[in-house]
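# Observations on the three-dimensional arrangement
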Amino acid sequence: MITKILLADSGTGKSEEMLKMLLNLEPIKAASITILNVIPSQNNSDVLAQKQSASETLVQTMAESLKLPPSQVSTLIREGDPKSSSARWLMSLMWIWSSWAPEA
């Protein structure tokens with residue numbers, strides 16, 4: 001049974017669409033969802049504030065569209081290179097899972 005899912009969306013909506021389909025499967029329905037959005041680093045604090053605000057709106061909209069209880073969905077916004085940051089989070093989660101997973 002899957003208990004945690006990281007949704008790292010690029011803004012295309014494809015991963016959100018896939019997650020909605022997966023949530024129809026019984027073993028996944030109770031999984032907690034973390035929505036990750038990575039915003040590019042900015043030198044200008046005004047631009048960074050605008051990007052953070054847009055990111056907060058995006059993850060909130062995604063969380064609401066999943067139609068899950070708020071206790072089941074969390075959001076995570078990070079600053080950095082979107083591709084490497086998402087990959088780094090995924091690798092950390094995979095390491096945690098592989099360290100925890102019982103041996104087959």
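Heads up: these notes are all about the structure in this document. Predicted model, so just to flag it, every value in this text is computed and none were measured.

## Quick notes on the side chain of Gln72
- Assignment of secondary structure puts Gln72 in the loop between α2 (45–65) and β3 (73–79).
- Judged by relative accessible area, Gln72 falls into the buried class, the value being 13%.
- Polar side-chain contacts of Gln72 include one of 2.7 Å to the backbone oxygen of Ala31.

## Observations regarding the sheet that holds strand β1 (residues 4–8)
- On the basis of which strands lie adjacent, the open sheet formed by 3 strands has the order β1-β2-β3 and parallel pairing. Each edge of the open sheet is held by one strand with a lone partner, namely β1 and β3. Each strand of the sheet is rotated relative to its neighbour by a mean of 20°, with strand direction disregarded.
- Sheet analysis places β1 next to strand β2 (residues 32–39), joined by 5 bridges and oriented parallel. Looking at the pairing, Lys4 lines up with Ser32 of β2.
- Along the sheet, helix α1 (residues 14–22) makes contact with β1 and β2, crossing β1 at roughly 155°.
- Along the sheet, α2 makes contact with β1, β2 and β3, crossing β2 at roughly 155°.

## Considerations on α1
- Those residues of α1 lying buried are Ser15, Glu16 and Leu19. Angularly, the buried residues of α1 cover 100° about the axis, an arc narrow enough to put them on a single face. More than 90 degrees from the buried face of α1, the exposed residues found are Lys14 and Met21.
- Along its buried surface, α1 packs onto β1, β2 and α2.

## A word on the nonpolar core
- Within the largest apolar cluster, 14 residues are counted, with the highest numbers of intra-cluster contacts made by Leu19, Leu23, Ile33, Ile35 and Leu66.
- Only β1, β2 and α2 provide two or more residues apiece to this core.
- For this core, the leading source of residues is α2, giving 3 residues.

Parameters and conventions
- Residues numbered from 1 in each chain as written.
- Predicted model: local features only at pLDDT ≥ 70, side-chain atom pairs only at ≥ 80, totals over all residues.
- Heavy atoms only, no water.
- Helix = DSSP H or I, 4+ residues; strand = E, 2+ residues; numbered from the N terminus.
- Buried < 20%, exposed > 50% of the residue type's maximum accessible area, 1.4 Å probe, protein only.
- Polar contact = N/O pair within 3.5 Å; in protein donor to acceptor, adjacent residues only side chain to side chain.
- Pairing = 2+ DSSP bridges.
- Axes fitted to C-alpha atoms, helices over the stretch in contact; angles between N-to-C directions.
- Contact = heavy atoms within 4.5 Å.
- Arc of directions from axis to C-beta.
- Core = buried A, V, L, I, M, F, W, Y, C linked by side-chain atoms within 4.5 Å.

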